[in-house]
Amino acid sequence: MTATDTLTGPRARGARDLDRLSLSQARRTALRAQGLDRPRPVRSGPVTMRHFQQVIDRVGLLQIDSVNVLARAHLMPAFSRLGSYDPALLERASGRAPRRLVEAWAHEASYVPPETFRLLEWRRRAYRTEAWGSIAQVPGEHPQVLADVRAMVADLGPLTSAQVHERFEAQHPRTRTEWGWNWTVAKRVLEYLFFTGEVTSAGRTSTFERRYDLTERVLPPDVLAAPEPSDEDAARALVEIAARAHGVGTLRCLADYFRISGARARPAVEALVEEGTLEPVVVDGWGPAFRHRDATTPRRASGAALLSPFDPLVFERRRVEDLFGLRYRIEIYVPEPKRVWGYYVLPFLLGEHLVALVDLKADRQAGVLRVHAAHRSPVGAGARDAPAAPEDGAVAEALAAELYVLAGWLGLSDVQVGSRDGLLRGDLADALALRVLHPGR
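To start, this report covers the structure provided alongside it. This is a predicted model, so every value here is computed, not measured. (Residues numbered from 1 in each chain as written. Predicted model: local features only at pLDDT ≥ 70, side-chain atom pairs only at ≥ 80, totals over all residues. Heavy atoms only, no water.)

1. Quick notes on the overall build of the protein chain
From N to C terminus, the protein chain includes 20 helices and 14 strands. Across its three principal axes, the protein chain shows a C-alpha extent of roughly 65 × 65 × 45 Å. Within the protein chain, contacts between residues at least 6 apart in sequence are counted, and of these 68% link residues at least 24 apart. Averaging the locations of the 59 positively and 55 negatively charged side chains of the protein chain gives two centres separated by 2 Å. (Helix = DSSP H or I, 4+ residues; strand = E, 2+ residues; numbered from the N terminus. Contact = heavy atoms within 4.5 Å. Lys, Arg positive; Asp, Glu negative; His and termini not counted. Charge placed at Lys NZ, Arg CZ, Asp CG, Glu CD.)

2. Here we look at the sheet that holds strand E12 (residues 353–363)
Judged by pairing direction, the sheet is mixed, and its five strands sit side by side in the order E10-E11-E12-E13-E14 without closing on themselves. The sheet is open, and its two edges are formed by strand E10 (304–306) and strand E14 (414–417), each paired on a single side. In this sheet, adjacent strand axes meet at a mean angle of 30 degrees when their direction is disregarded. Both E10 and strand E11 (residues 345–350) contribute to a ladder of three bridges, which runs antiparallel. Along E11, the bridge assignment pairs Ala-304 with Leu-350. (Pairing = 2+ DSSP bridges. Axes fitted to C-alpha atoms, helices over the stretch in contact; angles between N-to-C directions.)

3. Considering the nonpolar core
Formed by 117 residues in total, the largest nonpolar core has its most connected members in Phe-52, Leu-360 and Leu-432. Leaving out residues up to four positions away in the same chain, Leu-432 has contacts with Val-371, Ala-374, Ala-396, Leu-399, Ala-400, Leu-403 and Val-417. Counting residues in each nonpolar core, the second largest holds 27 residues, with Ala-26, Leu-31, Phe-324 and Leu-354 among its members. (Core = buried A, V, L, I, M, F, W, Y, C linked by side-chain atoms within 4.5 Å. Buried < 20%, exposed > 50% of the residue type's maximum accessible area, 1.4 Å probe, protein only.)

4. Thoughts on the sheet that holds strand E2 (residues 62–63)
Overall, antiparallel pairing links the three strands, which are arranged E2-E4-E3 in an open sheet. Strands at the two margins of the open sheet, each flanked by one partner only, are E2 and strand E3 (102–106). Sheet topology note: the E3/strand E4 (residues 108–112) ladder contains five bridges and is antiparallel. In the sheet register, Ala-104 faces E4, and the bridge partner there is Ser-110.

5. Quick notes on the environment of Glu-391
Structurally, Glu-391 is set in the loop between strand E13 (368–376) and helix H19 (392–409). The exposure class assigned to Glu-391 is exposed, which follows from its relative accessible area of 62%. Between the C-alpha atom of Glu-391 and that of Gly-140, which follows or precedes it by 251 residues, the distance is 60 Å.

6. Details of unusual backbone geometry
Put simply, Ala-97 and Pro-98 share a cis peptide bond, and its omega is -10 degrees. Relative to the elements of secondary structure, Pro-98 occurs in the loop between helix H5 (88–95) and E3. Cis geometry is found at the peptide bond from Gly-157 to Pro-158, where omega equals 5 degrees. With respect to the helices and strands, Pro-158 occurs in the loop between helix H11 (143–156) and helix H12 (161–168). Not every positive phi belongs to a glycine, and Glu-108 is a case in point at roughly 60 degrees. Note on placement: Glu-108 falls in strand E4. What makes Glu-108 partly exposed here is its relative accessible area of 32%.

7. Brief notes about the pairing of E4
Here E4 lies mainly inside the structure; four of its five residues are buried. Two strands pair when backbone bridges link them, and E2 and E4 are joined in this way by two bridges, in the antiparallel orientation. Along E4, the bridge assignment pairs Leu-62 with Tyr-111. Linking E3 to E4, which pair antiparallel, is a turn of one residue.

8. Comments concerning the packing of aromatic side chains
Taken as a whole, this structure holds seven aromatic pairs when the rule is applied. Pairwise contacts between aromatic rings join Phe-52, Phe-79, Tyr-85 and Trp-409 into one cluster. Geometry around Phe-79 places Arg-40 over its ring, the cationic atom sitting 5.1 Å from the centre. (Phe/Tyr/Trp six-rings, centres within 6.5 Å; stacked < 30°, edge-to-face > 60°. Lys NZ or Arg CZ within 6 Å of the ring centre and 35° of its normal.)

9. Here's the deal with the packing of helix H2 (residues 23–34) against helix H15 (residues 231–246)
Angle between the axes and distance between the axes are the two parameters that describe a pair of packed helices. Contact geometry of H2 with H15 gives a least axis separation of 6 Å together with a crossing angle of 110 degrees. In terms of orientation, H2 and H15 fall into the roughly perpendicular class. Only Arg-244, Ala-245 and His-246 of H15 make contact with H2, whose side of the interface consists of Thr-29, Ala-30, Ala-33 and Gln-34. Tallied by class, the residues present in the contact of H2 with H15 amount to three nonpolar, three polar and one charged. (Parallel < 35°, antiparallel > 145°, perpendicular 65-115°, else oblique. Nonpolar A, V, L, I, M, F, W, Y, C, P; charged D, E, K, R; others polar.)

10. Description of the pattern of salt bridges
For the structure on display, the rule yields 32 salt bridges. One salt bridge in this structure joins Glu-141 and Arg-188, with 2.8 Å as the shortest N-O distance. Linking Glu-141 in helix H10 (residues 138–141) with Arg-188 in helix H13 (residues 185–196), this pair joins segments that are 47 residues apart in sequence. A salt bridge links Glu-321 to Arg-329; its shortest N-O distance comes to 4.0 Å. (Salt bridge = Lys/Arg side-chain N within 4 Å of Asp/Glu carboxyl O.)

11. Things to note about the side chain of Asp-65
Relative to the assigned elements, Asp-65 resides in the loop between E2 and helix H4 (76–82). Within the structure, Asp-65 has its side chain in polar contact with the backbone nitrogen of Val-67 (distance 3.0 Å). Excluding residues that lie within four positions of it along the chain, Asp-65 makes contacts with Arg-72, Ala-73, His-74, Phe-208 and Phe-310. (Polar contact = N/O pair within 3.5 Å; in protein donor to acceptor, adjacent residues only side chain to side chain.)

The structure is reproduced here in structure tokens:
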């Protein structure tokens, strides 16, 4: 815990009067806030837009990631909370007017409600310090291309970056010699316009390309007509969304949800405490934190879910370590010999524990969901006050059931534990393979 996690002022000084939560209570509060504290409801019909909207209302944003080894990251949080659903719900919510979701730089690239989009104007104005160099430098390096692309999108949008690049191919040919994204000049200009809010995504193509259009043609008219919030009001609103989604969290947690600096988040938290929206609490083994006034703590957590590496419950890794006792890192960019858990590893939530880590791949050619590795999560200090974690057999049985639900949602016919050559990796792999082959054993 650092000094940035504490506040000054009259509400902060009465520390001895603060409510105390055990780590177990804090975990259950967080799981309830995220809609992960209980089994998914059994429905007689398909998941509807109303159900999908309830997830959005809870989590506040969906982080976007293009890796498709399993399912794109922004599709997974709804699956984790709703079970099998039609991804076309997200496409409809973000690609048809009036839109329920739009793209913005929030917690990295994200889908957010249109009202939240307006709360991020301060970031767009501060692109020189908020955006990375290749975007921030566009006005100085490519002023004419910038003007031409503005006019092109205004006249012809929505357009993909490939369509815009065709116009500039002769002048600025694509190169593949640079490290990283190797963006074309057209793509860099479009991303500058996207970051600064002049354009946004009107939807995605079947190959996941953004279709850039003027923001004024994408946002709902009532959102466009609303007055722009002050920077202070925007920060308070963003922190409250984060607090509602977290249930309970430190200043660091609340700031990270929308990647707000501590200097911007701290006065927002202080104002929310003063008005009674946030309540300072002390979490045993964690330290000073803040609970949203609407947060509740269930007597027990009984849900089960596979979580994307970018799920809102786990994308702030320090919070995961402090609350759940798990040091979790994504290893996509780690050389294979140095990986600990695997390439695309999902935590498995069972009750209030993150009990397992599974490296998954949708092997679409073979029609199977492949488990490349299955490990029991190492127990850390954050789990010390929780009820005893389930035995391997119970974890494997619950995980096998969840894997079959996931496979069905992905249109895969089977689950196989092990690589194509049959190699089993991880201390949970044998138990899981047995349950996959012989359910109930």
